[in-house]
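Chain by chain, the residues run as shown.
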Amino acid sequence: MINKERNLSLLMDYYELTMANAFFKNGQQDTIAHFDLYFRKAPDDAVFAIATGLDTAIEYIENLHFSDEEIEFLRKKNIFCEEFLEYLRNFKFECDVRAIREGSVVFPNEPLITVRGPFIQALLLETMLLLIINHQTMIATKANRIVRYSQGRTIMEFGSRRAHGPDAANLGARAAYISGVVGSANTLTDYAYGIPALGTMAHSWVQSFDSEYEAFKVYAETYPDNTVLLIDTYDTLRHGLPNAIKCFDEVLKPLGKRPKGVRLDSGDLAYLSKKARIMLDEAGYEDCPIVASSSLDEFKIKDIIDQGGKIDSFGVGEKLITAESNPVFGGVYKLVAIERDGEVIPRIKISENIEKITTPGIKQVYRIYDQETNKAKADLITLSHETINEDEPLTIFHPLYTWKRKTINNFYTKPLLVPIYEKGKLVYDRPSLNEIKEYCKEEIESLWEEYKRLDQPQLYKVDLSQELWDLKHNLLNQAKNNN
């Protein structure tokens, strides 16, 4: 949620303004440019990511303006012409924007967002689009890995205090919720987005009383319908859990209430949870869930489950909200075409690093599904005017190792890039957060398990159409001959 009272329009790389001013001074402000936003590699050696942040990007664009104070700040730099400053003062967004729906499974090198419009306007979007999409997609991708490897157990986001600032805490919780987290310890996300706020007590609550039992008793009397007790302040198995069971017997049972859980926040979680499960069951609390926290991630959760841990839900903090194992999502924003006199001229960036060579032209991304299973088989990046005949076999090939070919039969396709803005007007029907969350769940279910493995997942096919591949290699050859 962008705070509309806080104008972020100057949150951009300075070169965006210097280039825009130079375009303006040279009379090129109306040149039409096409940009693609995409990423080159999924984090944590995975094969896919969860596209997130589109709604925040829309909020940013809807609020994009330059105040008189900001114009005066730029004027004092003494490098911007008055015509350009006046252009910013009267800024009106006029671009076409297409994007892959938020919550979608996405793969490296396919455009997540495309922007067409006056070069200056498309350029000024670069930093904020990357900032928004990179951060939220990174957190959503990490959260989804944690959710998947919990094997159906509940995941709660507990990372606010370890996030990299308020925006990272709020928007990170939103991204995590889209990817399957059930709620957040961050109360503001409940207020702002309707993400359920979750939490009970801290160790300080227990320490503030003369005895652990008294702390539990007062809490249970205050919240008899939602009693979750933190049992590891002193000694989990010798004191914490016995005191919790005593509290359940003496406070909740007479009221006809059942405990909502006990929480472990330290120690050997697999061992303690197994022992705790036995003690709770013997005391007649087979229905009492065991919750665990303490620097968890998908790897630790998998280990706990593999060791037979009896944990029903996990609270995951800093390793989720910071995507600690791979905290940078490498999205890029690259020029792919310009328009002159109504003609679209593809552009390519060449590099010694093959992965940094851009794919030129105006594109569409098609997902190819199996007719019988509805599972995704491959993605095909095409030029925007291309169509796919679903009544004929489709042959695709690896964009680098072109001898690797596959013919697909009995399939259907879905174009992934949909209109968001047309000539600066929002045309996209923005789904609710829960609709995005449900869509993300469907997207994950459309993948074969081989693509979702924690270790050495099967690579998913993302290929170029023949026409797009030809365009790219013709431009590469032209550049080689011209330079």
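As recorded in an unreviewed UniProt entry, the protein chain goes by the name Nicotinate phosphoribosyltransferase, listed as coming from Helcococcus kunzii ATCC 51366. Quoted verbatim from the Function (unreviewed entry) heading of the UniProt record, the comment on the protein chain is "Catalyzes the first step in the biosynthesis of NAD from nicotinic acid, the ATP-dependent synthesis of beta-nicotinate D-ribonucleotide from nicotinate and 5-phospho-D-ribose 1-phosphate."

So, about the UniProt feature "domain: Nicotinate phosphoribosyltransferase N-terminal" (unreviewed entry) in the protein chain. The UniProt entry lists residues 10-134 under the feature "domain: Nicotinate phosphoribosyltransferase N-terminal" (unreviewed entry), expressed in the numbering used here. End C-alpha to end C-alpha, residues 10-134 measures 19 Å, and it is 42% helix and 18% strand.

A few words now on the packing of helix H2 (residues 54-62) against helix H6 (residues 126-148). Interhelical geometry of H2 versus H6 gives an angle of 155 degrees and a closest axis separation of 9 Å. The orientation of H2 with respect to H6, classified from their angle, is roughly antiparallel. H6 is crossed by H2, and the crossing has right-handed handedness. For the pair H2 and H6, contact is made by Leu-54, Thr-56, Ala-57 and Tyr-60 and by Met-128, Leu-129, Ile-132, Ile-133 and Gln-136, respectively. The residue makeup of the contact of H2 with H6, split by class, is 7 nonpolar, 2 polar and no charged.

Bringing the side chain of Thr-322 into the picture now. Within the fold, Thr-322 resides in the loop between helix H14 (318-321) and strand S12 (331-340). The class of Thr-322 is buried, set by a relative accessible area of 11%. The contacts of Thr-322, once residues within four sequence positions are left out, are Met-138, Ile-139, Arg-162, His-164 and Pro-327.

Moving on, we get to the pairing of strand S14 (residues 363-370). For S14, a buried count of 8 out of 8 residues is recorded, marking the element as mostly surrounded by other parts of the structure. Of the two faces of S14, both are covered, the one formed by Lys-363, Val-365, Arg-367 and Tyr-369 as well as the one formed by Gln-364, Tyr-366, Ile-368 and Asp-370. With antiparallel pairing between neighbouring strands as the criterion, S14 and strand S15 (residues 376-383) make up a hairpin whose turn holds 5 residues, including Asn-374 at a positive phi of roughly 60 degrees. Taken together, the 5 bridges between S14 and strand S18 (residues 411-415) define a ladder with antiparallel strand orientation. Residue pairing for S18: Ile-368 is matched across the bridge by Thr-413.

What counts, and at which threshold
Residues numbered from 1 in each chain as written. Predicted model: local features only at pLDDT ≥ 70, side-chain atom pairs only at ≥ 80, totals over all residues. Heavy atoms only, no water. UniProt positions renumbered as here; feature names shortened; annotations may be inferred. Helix = DSSP H or I, 4+ residues; strand = E, 2+ residues; numbered from the N terminus. Axes fitted to C-alpha atoms, helices over the stretch in contact; angles between N-to-C directions. Parallel < 35°, antiparallel > 145°, perpendicular 65-115°, else oblique. Left-handed = near helix turned anticlockwise from the far one by under 90°. Contact = heavy atoms within 4.5 Å. Nonpolar A, V, L, I, M, F, W, Y, C, P; charged D, E, K, R; others polar. Buried < 20%, exposed > 50% of the residue type's maximum accessible area, 1.4 Å probe, protein only. Pairing = 2+ DSSP bridges.

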